[in-house]
Structures are given as C-alpha cells and as structure tokens.
Amino acid sequence: MDGKPDTLKPSGGPRQKRRYDDVFSVVRAMEPSYPVYCLRPDLLTKTAKRFISMFPGTVLYAVKCNPNAEVLNALYQGGIRHFDTASLPEIAQICETYPDAHAYFMHPVKARAAIRMTHKAYGIRHYVIDHECELTKVLEETGGRDIVIIVRLKTEDTGDSLYDLASKFGAPPDLAVELLRAADARGCKTGLAFHIGSQCREPKVYRKALALTGEVIARAGVEIECLDLGGGFPANYANAKPPPLENYMAEIRGGLKDIGLNPAVEIFCEPGRALVAAGCSLLTQVQLRKGERLYINDGIYGSLSEMVQVDIRMPVRLIRLKGEASETLRPFSLNGPTCDSLDVIPGTFELPEDVREGDWIEIDQVGAYSNALATHFNGFYPETFVEVHDSPPAAES
Ligand SMILES: *Cc1c(COP(=O)(O)O)cnc(C)c1O
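Sequence order sets the numbering: in each chain, residues are counted from 1 along the sequence as written. With the structure being a predicted model, the display of local features is reserved for residues of pLDDT at least 70 and the display and counting of side-chain atom pairs for 80 or more, all residues being used for whole-chain, interface and lining totals. Values reported for side chains reflect all heavy atoms of the structure, with hydrogen atoms and water molecules removed beforehand.

### Here's the deal with the overall build of the protein
Keep this limit in mind: What counts as a helix is a DSSP run of H or I of at least four residues, what counts as a strand is a run of E of at least two, and both are numbered from the N terminus. To get the radius of gyration, use the C-alpha atoms; to get the globule rule, take the number of residues to the power 0.38 and multiply by 2.2 Å. To sort residues, take the accessible area from a 1.4 Å probe on protein chains only and compare it with the maximum for the residue type: under 20% means buried, over 50% means exposed, and anything in between is partly exposed. Residue contacts follow a heavy-atom distance rule, with two residues in contact if any of their heavy atoms lie within 4.5 Å. Here the open area of atoms and residues is found with the Shrake-Rupley method and a 1.4 Å probe, where only the protein chains shown may cover a residue. When charges are counted, Lys and Arg are positive and Asp and Glu negative, with His and the chain ends excluded. By convention, the charge on Lys lies at NZ, on Arg at CZ, on Asp at CG and on Glu at CD.
Counting its secondary structure elements, the protein contains 11 helices and 17 strands. Taking 21 Å as the expected radius of gyration for a compact globule of 397 residues, we find that the protein reaches 22 Å, a close match to that expectation. Projected onto its principal axes, the C-alpha positions of the protein cover 70 × 40 × 40 Å. Looking at the protein as a whole, 55% of its 397 residues are labelled buried. Once local pairs closer than 6 in sequence are excluded, the contacts in the protein between residues at least 24 apart make up 74%. Accessible surface for the protein amounts to roughly 16,900 Å². Of this, 51% is attributable to carbon and sulfur atoms. Separation of charge centres in the protein, based on 44 positive and 53 negative side chains, amounts to 2 Å.

This is the structure:
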C-alpha cells in the first residue's frame, strides 16, 4: 500500500479494489474512519463449492442477499451458474455479467414491463406465481411459449426460522393444486417452490415442507419439471450454532425419497445467507466512548439492521493499532452513527474494558443482508470493500 493512509472516505467513483493479507493490515494501511467491508473471496468460493457438492440438485444463489460484484464473482468462481433473481435490475446484472449464467424470476408479484423485458431481452423462462392473475400476466407478457410456471407454495410456519417467508407470499395447498393445473392446462411447463424462512435452525423443516409438496403434486396430477426448496440454510452467529449443513442435506435427501419424485424432476435450492454470511466482516471504528456506550460508524441504517429485525448476534473483536487492549471483557452497547435515537443495536457486546475512541471493532459474519440493505440516511453509507485473503475468525461470542 502506498504512502499515507486514506482516513477520509474515498471520493465517489468506483470502489478501489484492494487486497490484504489480514484485517490488521487493512487497519494499518487505511486507518479507516468509515466502515470497511472485508470480503473473503477465497472463503466465498470455497463455501459455494462445498454447498454445490452437497446439494442433490442445482444451487441458485439468491442475489438479494448480497449483490456486490466481487461477491458474485467469488461465487461464480466456486461454480455458481444459476441465480434466484427478483427484479429486472437483478436479472440484468446477472445476465450481462455472466453470459453463461441462468437467471430465474422468483418474485411472485412482477410488473408487467419487468416480465416482458426479462423475457424479451434476457430470455428468462422461469417465473414464480402464487395467484391466478399473475399466471395470466406472465402468459400475456411472454406469449407463454416454453415458459416454466413455478407455483410458490405456502408452508407452515414452524417457528424454527428467524424470518417467516410464507406470511406475504405463497399459495395455500388447495390453491397451489389449482394453479399447477391451470398452468398445465394453458400449455406451460410447471414447477413448485417454497421457502421455509430464513436462518432455519431445524433441518426437519425441509422434510416436512417436502411432504406437503408431495401431497400437492399428487393431488394436482400434473407432471412437474422442477422443484425448488428455497433458501433458509443457516449461518453461524455468536448466539447461534445451528446443526451442520450435512444434517439439512440428509433431511432433504430423505424428504425427496419419501415423496418418490420422478427422477427427471430438476431439484433447485436458492441459498443466500448460507453462501455469503461468513465471507465478509465489517471494520467499524469507535468515534466516542461514553461509559458503557460506544458510538461507532455503522449501525441499523447501514450494515447492521439484521441485529434489530431478528435475534442475530454477530461476533465482535477489538483491533487496536498501538498497544495491547485489556484482556478483561465487559459488556458495551453499540450505537450507530445517525442522529436517530433508534440507531442502537439491541443488547450488549463483550469487548475489552479499556476500549477507547479510535479503536476498531471487527464485526464478523456480516456477508448476508448487510450492504444489500444499507441506506444513505444522514449521509452515512458504507460502500468501501477490500479483499482479505485469510480466514475470518470463527464465530465466537
Ligand atoms: C430471500 C430469499 C432467498 C434466500 O434466503 P436465505 O434465507 O438467505 O437463504 C431464497 N429464495 C427466495 C424466494 C427469497 O425470497
């Protein structure tokens, strides 16, 4: 790294791509007063390879979880060629970046123009629906030739996932049966999809959802072409050590066997979080300490909103350039940079008792739903990404 550390936010323009051996080197070189995402491309690639090797079907990456170009590249390096997309811009991003990739329009409610454009400009064939009117829209806007209509099935909320993704979308089983028949009758290929909710902590939930899927397929009496098991695969957080991915895959294999699917049916899943959460940490800086309150430069309107929405605790560790920090830990609250009093992370975080202004706090496991959700509120927008080629610290409390 050359010369003076850039302690001011890089002005506009494309993000500089910078490569470091570890996070400490990032701090030493940049002494950043703004939040810095430390991407681990090697880990992202490895995670993608591992997931693909374990899942009995095709793995689609859910782009909304982290659409950063370097994240996508790392996953592509790991073999991801299929993408769960939900809007025209996401589909354009994927199709224009990776000519050999396949995008699937997995949003159950689409603008007519988006259906038309994605079909016409990008040749999209797969469209998700959960209502008869949406089926009509897709058929009218695409012409209906060689289109695969995937019916999103509402699954039971078992309370095992941190987010319920069946409350807003998804056709109940009776309606799903009707929609499969309607799509089939109108000359479409068909498929079924569900999403059991994000950060699912119980592998058996997939098996249960598959059982429901089996019933719906049998009742519909329609030959489906694909079955999409959604996302929901968990990441490790400081307060959550979910069962290993192997257990999820075992339940999925068991569930697929239970329903005796025609082997020609293509099996998809659409993980977001499980592919990217561990592949990025966030460097924040302490701007002021008031007793047990630390005011840092990122918060709930930036990268850290998930810790407000749901019971997720990201692991933290202190980084100090000069001198050693105390080995005694104490709980501190983390306050975000905006003027909003709500901009405080709930709960407390264990940090060295002598943490002080100017120290950095590395927040780990922030690759999922972080930069994707960040706002410009109050002028604080985290947008600096660097590459780090180490392994991030294991999730710890
Ligand atoms: C958000 C979303 C995903 C990704 O979910 P994760 O829990 O992050 O794996 C997959 N499919 C759909 C339809 C989604 O909305």
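### Overview of the site of the ligand
Put simply, the rule reads: Residues are classed as near a molecule or strand on a simple rule: at least one heavy atom within 4 Å of it. Any pair of nitrogen or oxygen atoms within 3.5 Å is treated as a polar contact; in protein, a donor-acceptor pairing is required on top of that, and neighbouring residues in sequence qualify only through side-chain atoms on both sides. The way it works is a 1 Å grid over only the protein atoms, where trapped points that fit a 1.4 Å probe form a cavity and open points with protein on both sides within 12 Å along at least five of seven lines form a pocket, and then any residue with an atom within 4 Å of a point lines it. Those molecules having more than half of their atoms within 2 Å of a cavity or pocket grid point set are described as sitting in that cavity or pocket.
Near the ligand you find 13 residues, and of these K64, S198, E270, G272 and Y369 are the closest. In this structure, H195 approaches the ligand through a side-chain N or O atom, which is 3.0 Å from an oxygen atom. G232 has a polar backbone atom sitting 3.0 Å from an oxygen atom of the ligand. The fraction of the free accessible surface of the ligand (390 Å²) that becomes covered by protein chains is 92%. Counting atoms within 2 Å of the grid points, the majority share of the ligand lands in the largest cavity.

### Comments concerning the nonpolar core
Counted only if it meets this: We call a set of buried residues a nonpolar core when its members are Ala, Val, Leu, Ile, Met, Phe, Trp, Tyr or Cys and they connect through side-chain atoms within 4.5 Å of each other. Source of the domain bounds: an automatic or database domain assignment.
Counting residues in hydrophobic clusters, the biggest one holds 106 residues, and the most contacted among them are F51, Y61, L227, F233 and I361. At 8 residues, the largest contribution of residues to this core is made by helix α8 (residues 204-220). Counting only domains with at least three residues in this core, you end up with domain 1 (4-40 + 277-396) and domain 2 (41-276). Contact partners of I361, with chain neighbours within four places excluded, come to L282, L283, T284, V286, L294, I296, V316, R317, L318, L334 and L351. Ranked by size, the runner-up nonpolar core spans 14 residues in total, among them V27, L283, W360 and V388.

### Considering unusual backbone geometry
The backbone of Q199 sits at a positive phi, close to 55 degrees, despite the residue not being glycine. Here Q199 lies in the loop between β8 (189-193) and α8. On the accessibility criterion, Q199 (1% relative accessible area) is buried. Positive phi is not limited to glycine here, since Y369 has a value of about 50 degrees. Secondary-structure assignment places Y369 in the loop between β16 (360-363) and β17 (384-388).

### Let's talk about helix α6 (residues 132-142)
By the burial criterion, the buried members of α6 are E134, L135, K137, V138, L139, E141 and T142. Of the residues flanking the end of α6, it is G143, one or two places downstream, whose phi is positive at about 90 degrees.

### So, empty space enclosed by the protein
Let me state the cut-off plainly: Grid points are joined across faces, edges and corners, and a volume is the space filled by probe spheres set on the points. Put simply, Ala, Val, Leu, Ile, Met, Phe, Trp, Tyr, Cys and Pro go in the nonpolar bin, Asp, Glu, Lys and Arg in the charged bin, and everything else, Gly too, in the polar bin.
Counted according to the given criterion, the structure contains 3 cavities of 30 Å³ or more. Along the walls of the largest cavity sit 15 residues, with H195, G231, G232, G272 and Y369 positioned nearest its centre. Taken together, the residues of the lining of the largest cavity sort by class into 6 nonpolar, 5 polar and 4 charged.

### What to know about the pairing of β17
Our working rule: Think of it this way: DSSP has to see at least two bridges between two strands before they count as a pair.
Summarising burial for β17: 5 of the 5 residues are buried, a large majority. Burial of β17 is two-sided: the residues T384, V386 and V388 facing one way and the residues F385 and E387 facing the other way are all buried. Judged from the 2 bridges that link them, strand β1 (residues 19-20) and β17 form a sheet pairing that is parallel. Each bridged residue has a counterpart across the sheet, and for Y20 the counterpart in β17 is V388.

### With respect to the pattern of salt bridges
So the rule is basically this: Take a side-chain nitrogen of Lys or Arg and a carboxyl oxygen of Asp or Glu: if they are within 4 Å of each other, that pair is a salt bridge.
Inspection of the entire model under this criterion finds 21 salt bridges. For R81, the salt bridge identified is with D100, shortest N-O distance 3.3 Å. Note that R81 is positioned in the loop between α3 (69-77) and β4 (82-85) and D100 in the loop between α4 (88-97) and β5 (102-105), a separation of 19 residues in sequence. Residue R81 is classed as partly exposed on the basis of its relative accessible area of 25%.

### Some details on the domain arrangement of the protein
Put simply, the rule reads: A quick way to say it: buried area is the sum, across both parts, of accessible area lost when two parts are put together, with a 1.4 Å probe.
When the domains of the protein are assigned, the result is domain 1 (4-40 + 277-396) and domain 2 (41-276). If you look at the interface, domain 1 gives 29 residues, while domain 2 gives 23 residues. In total, domain 1 and domain 2 occlude about 2,300 Å² of area from one another, counting both sides; carbon and sulfur atoms represent 57% of this. Contact with domain 2 buries surface across domain 1, with R40, A277 and Y369 losing the most and accounting together for 24% of the total. Inspection of the region where domain 1 meets domain 2 yields 1 salt bridge. A salt bridge links E306 to R273, with the nearest nitrogen and oxygen atoms 2.8 Å apart. Those elements that place two or more of their residues in the side of domain 1 that touches domain 2 are α11 (306-309) and β17. When residues in the side of domain 1 that touches domain 2 are grouped by element, the largest group, 3 residues, is from β17.

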